[in-house]
Amino acid sequence: MIKEKIQADVKEALKAGNAKKRIVLGSLLAAVKNRELDKRSKLSKALSAQTGGETGDLDAASHLTDEETIEVISTEIKKRKESIETYANASRPELAEGEQEELVVLMQYMPEQLSEEAIRVEVKFTIDQVHPQGPKDIGKVIGAVMPKVKGRADGQLVSRIVKEELSRM
């Protein structure tokens, strides 16, 4: 599982004296733990309502799947990208560079990213399936594409490609 790999890499970074990597992975593990606690809370409420108070084994049920962990990593990556853009616009390259270093560490845990061309092929295929009427159906197309490329493509890139393809209709 991805979470165990991250935990092992935190220990390795600690032993190697790589403070930056340890801090980034530590904050990622905290985000994963928060998501697990949210999941546990929701499961507890649902089970409590169904069983009249008996919650069973919530520990095992509240662990995130690899897919859910990738969602957390994606969220952290998005935060770093937004920070890089903000710092670059504010003429703070040293801060943007620090965020970029964190982004590189986080990207190691993502599945291989699709190329722009591969995304474009998937978008065209989806457009053929969905039969949008034009640019006004962008949400319909993006909604159909994103589950297929989840974790393997940046949402902004997918959105841009969908807009380009729909504008050609």
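Note that the structure is predicted; figures quoted are calculated from it, not measured.

A. Quick peek at the overall build of the chain. When helices and strands are tallied, the chain shows eight helices and zero strands. Counting helices and strands in the order they occur from the N terminus, the chain gives α-α-α-α-α-α-α-α. In terms of overall size, the chain is more extended than a compact globule, its C-alpha atoms giving a radius of gyration of 20 Å where 169 residues would be expected to give roughly 15 Å. For the chain, the proportion of its 169 residues judged to be buried stands at 33%. For the chain, long-range pairs separated by at least 24 residues make up 63% of all intrachain contacts whose partners lie at least 6 apart in sequence. Here the chain has roughly 10300 Å² of accessible surface; of this, 53% comes from carbon and sulfur atoms.

B. View of unusual backbone geometry. One non-glycine residue with positive phi stands out, namely Ser91, at about 55 degrees. Within the secondary structure layout, Ser91 lies in the loop between helix 4 (66-89) and helix 5 (93-107). A relative accessible area of 60% means that Ser91 is categorised as exposed.

C. Inspection of the nonpolar core at higher detail. In this structure, Ile6, Leu25, Leu28 and Ile73 are the most contacted members of the largest nonpolar core, which totals 21 residues. Elements with a contribution of two residues or more to this core: helix 1 (2-16), helix 2 (19-51), helix 4 and helix 5. Per element, the largest residue contribution to this core is six residues, and it comes from helix 2. Excluding its chain neighbours within four sequence positions, the residues that come into contact with Ile6 are Leu25, Leu28, Leu29, Ile73 and Tyr109. Among the nonpolar cores identified, the runner-up in size contains twelve residues, and Val145, Val158, Ile161 and Leu166 belong to it.

What counts, and where the lines are drawn
Residues numbered from 1 in each chain as written. Predicted model: local features only at pLDDT ≥ 70, side-chain atom pairs only at ≥ 80, totals over all residues. Heavy atoms only, no water. Helix = DSSP H or I, 4+ residues; strand = E, 2+ residues; numbered from the N terminus. Rg over C-alpha atoms; globule rule 2.2 N^0.38 Å. Buried < 20%, exposed > 50% of the residue type's maximum accessible area, 1.4 Å probe, protein only. Contact = heavy atoms within 4.5 Å. Areas by Shrake-Rupley, 256 points an atom, 1.4 Å probe, with all protein chains shown as cover. Core = buried A, V, L, I, M, F, W, Y, C linked by side-chain atoms within 4.5 Å.

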